[in-house]
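Chain residues, written in single-letter form:
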Amino acid sequence: MSLKTLYTSIACNRTPESLDWGDDGLIYFAANNVVAVFNPQFHGSVKIVGTLFGHKARINAICAIRNASDCNGGIHLASGSDDGTCILWNTSDEHSSSPARFTLSGHKGGVTSVDAFVDASNNLIVATGSVDSTIRLWHVAGNDNEFVCSQTIDLQTGLTFGLKLFALVASNATMLAYTTDTDMVNLCVSQPDTAQPESGAKFVQVEQLRGHVDWVRGLTCTRLPDSDDYLLASSSQDTFVRLWRISPRKTLTAQKPIEEIQFDEDITLEERTFTVVGKDGGKYHYALSLESVLQGHEGWVYGVHFCTRDNQLQLLSSSIDKSLIVWTPSESGVWMESVRVGEVGGSSLGFYGGKFSPDGRSIIGHGFQGSFHLWHEDTEQPGLWKPGIIIGGHFGGVRDLSWDPTGGMFLMTVSMDQTTRIHAPWRRAAQDQIETWHEIGRPQVHGYDMQCLTLLSRYRLASAAEEKIIRVFQAPSNFVQNFRALCRVTEDPEGDSIVEGHPMGASVPSLGLSNKAVFEVEQPEADSRHIKDMYPEHYFNPVSMDAPPAEETLMQNTLWPEIQKLYGHGNELYSIAASSDGSLIASACRATSSDHAQILLWDTQTWRIVQQLAAHQLTVTQLSFAPNNRLLLAVSRDRTFSVYERQQDAVDFKQVMRSDKTNGVHTRIIWCCDWSHDSETFVTGSRDGKAVAWSRQHAEGTDGRGCFTSNRVLELKNESITAVAFGRKKLSDERYLVAVGLEKGFIKLYALGQWNLLLNIDQSYAHHQTVQRLSFRPHVDDHQLASCGDDGLVRIYSIEL
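Residues numbered from 1 in each chain as written. Predicted model: local features only at pLDDT ≥ 70, side-chain atom pairs only at ≥ 80, totals over all residues. Heavy atoms only, no water.

Of the residues in the protein, 90% reach a pLDDT of 70 or more, and the chain-wide mean stands at 88. This model gives residues 255–268 a pLDDT under 50, and the stretch forms 21 contacts once residues within four places in sequence are excluded. Note on residues 700–706: pLDDT under 50 across the span, and five contacts to partners over four residues away in sequence or across chains. (pLDDT = per-residue confidence, 0-100. Contact = heavy atoms within 4.5 Å.)

Written as structure tokens, this is what we have:
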């Protein structure tokens, strides 16, 4: 058995330094506890091609190491995490059992900033900043090939925001620039320790750069083309970017007094000097001056990044004002804004960071909600930047998923980030045979954390959040048209009826939670505009897609209108399921008593409650209709499950089985359940590490009690089973294929005869936090499995038997 990952979806962590573009052309970004590897040139599209798992908490900083191919066994990447460690990765071994080469441990708090630099002696120096108010410098000790902390800089109570290591020309001394929660940039230089020569070089502070009037958040440095001078850029919450020039000097000039520049005074280009001792013992002098102050942003500037392209320097700045600006120097040396890209309108909250591609012809930015934004310069029209195809994903734990029941054409997920998203394969021209998965729609953007969903048909969705209401949505005609175009859907009777007479789209009114239908988009005259229309960027505009949509389009123009609200539960909804024909919805809410633990059955024609099923004492954790629509299974926190059977053709379900201490097998909370495709067997999974297969015994008594018996029990020690799913067809030897998801993030595939393990998917390819749902894709020839978890990951696997 072999496994291929067709699709991985997740958002970027919401920290400023959580993304970097490596020299290998790959983009590395922090995604919860893993480093996701993103290929922006995957067969003409984009794809997450791998994940690097090693950290035990959220990753805050990513640094791609330049010119490090032969350094310390090939270290290409560094990452810092809330678990207090920094991991050095060999990214060329991403498919090996251990791509993590070294783990740097020593901080007493989370690592928030990381930089790494190969010095003139081809030694790797790593700097890490932490919330424990220290900066640590690391290097390889002797021949042990182990990294040790060579120096700790105590910041007293400060927090590190930016770190940058670079070499000074002539002396080959290494300079460290760092910023804390002040308005200054601190400069340190590695110097021989005269007190303890055997201990090697130590970083000694030589200067402080003053001028910003708020916290300095970003640092970057580069050597000027055809020059020995360096340019250091700093960005701040004061909305300015400052450029500082560091130049070698043959002689030491008179030191000028350090004076802070006040905004009510004329800015003078003050030059100061400092001296360092080189590795050869000689003294080298450097001059420091303010090169330029760049003003163009209207909000905090979180990040800056230099790039040299065609021997010309350019600087990228990213701001919370929803813009990225490329600055270039003119022939006279004045830095000017040459390109401005970003978002217009919408409800996003700007950019946390941005990076150039290695060749400087592409830009990627990552936003406050974990979204990505990519631009490429047009090869035929230099200076024209066009949006590129991008990936997307949830930035909160994913709670539930559901396949399109009609043809398995897309996967829908809901998350604690308060969104519902649609993931589908983008199919190019028929002769091309290229297919990559992307997020193509966002039917619901809510004000509560999402909990569960079910699809009544391809274009009808019922979802529930941490509120007492079930909301039902119908796809609009604009979405149906774009879905057909992107996925090349031809036969679609349900879609035909929607295109003919349904709304074009939906919008969310200010201070509202319900998606309102939009039938026609008209621009009202200025004197007739209602007060709610003063901000039209929040309202739907029809779009015609020939490629997967960008973040702004997803947020504004792919919403589905809400057609019903179902009231009936007394507490927040927890689980929901629909019959395979879409005629019934079963729902349950959080409960601490039998009254609230009742299961409600809803008729989707009248949207009324047709039955209440009482069996459990505590929250029903999952509901599942059998494919034959005649059986309903419920599992609960009270450690029991119940089975209901439909009587004849009426909507009347009768309880035919409820487990108890004598026949229940499980001794802890039952988290999950699923039916086989033939409705003859179901599986329950529990916190006690047991997955139990229950098969129907047709020869039992007429009262129906005990009609399902357990004869196959899987027991995993020290594990908690949180998700189970049956394959949509049997294996070649007539056994069922069952996927089991664990609390630790593993996914195991079994052949259900005697629970024979076929494949174990570890945390590098599955999840690193609790697996919430598993589901096999219907209506496909092979076995394709979708999974989601608390880590925010959504994955789709192709399983070859």
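Now that the structure has been shown, the text picks up again.
Spatial ordering of the open sheet is given by E49-E50-E51-E52, a layout of four strands whose pairing is antiparallel. Taken across any chain shown, the strands that pair with only one partner, and hence form the sheet edges, are strand E49 (670–675) and strand E52 (708–715). When strand polarity is set aside, the average angle formed by the axes of neighbouring strands in this sheet is 20°. (Pairing = 2+ DSSP bridges. Helix = DSSP H or I, 4+ residues; strand = E, 2+ residues; numbered from the N terminus. Axes fitted to C-alpha atoms, helices over the stretch in contact; angles between N-to-C directions.)

A complete count under the given rule lists 26 aromatic pairs for this structure. Judged by centre distance (6.0 Å) and plane angle (5°), the ring pair of Phe479 and Phe483 falls under stacked. In this pair, Phe479 and Phe483 both sit in helix H1 (residues 477–487), four residues apart, roughly one turn of the helix. As far as the burial class goes, Phe479 and Phe483 line up, both buried. Cluster of aromatic residues (ring-pair linked, three or more members): Phe410, Tyr459, Phe479, Phe483 and Trp560. A cation sits over an aromatic face here: Arg428 above Trp426, 3.6 Å from the ring centre. (Phe/Tyr/Trp six-rings, centres within 6.5 Å; stacked < 30°, edge-to-face > 60°. Buried < 20%, exposed > 50% of the residue type's maximum accessible area, 1.4 Å probe, protein only. Lys NZ or Arg CZ within 6 Å of the ring centre and 35° of its normal.)

Turning next to the pattern of salt bridges. A complete count under the given rule lists 30 salt bridges for this structure. For Arg272, the salt bridge is made with Glu207, and the minimal N-O distance between the two is 3.2 Å. With Arg272 in strand E21 (residues 271–277) and Glu207 in strand E17 (residues 201–209), the pair connects residues that are 65 residues apart, well separated along the chain. Each of the two residues, Arg272 as well as Glu207, counts as buried. Between Glu439 and Arg421 there is a salt bridge, with the nearest N and O atoms lying 3.1 Å from each other. Placement of Glu439 in strand E34 (residues 435–445) and of Arg421 in strand E33 (residues 419–427) is noted, with a sequence separation of 18 residues between them. Residues participating in the shared-partner salt-bridge network are Asp404, Arg458, Arg484, Asp492 and Asp496. (Salt bridge = Lys/Arg side-chain N within 4 Å of Asp/Glu carboxyl O.)

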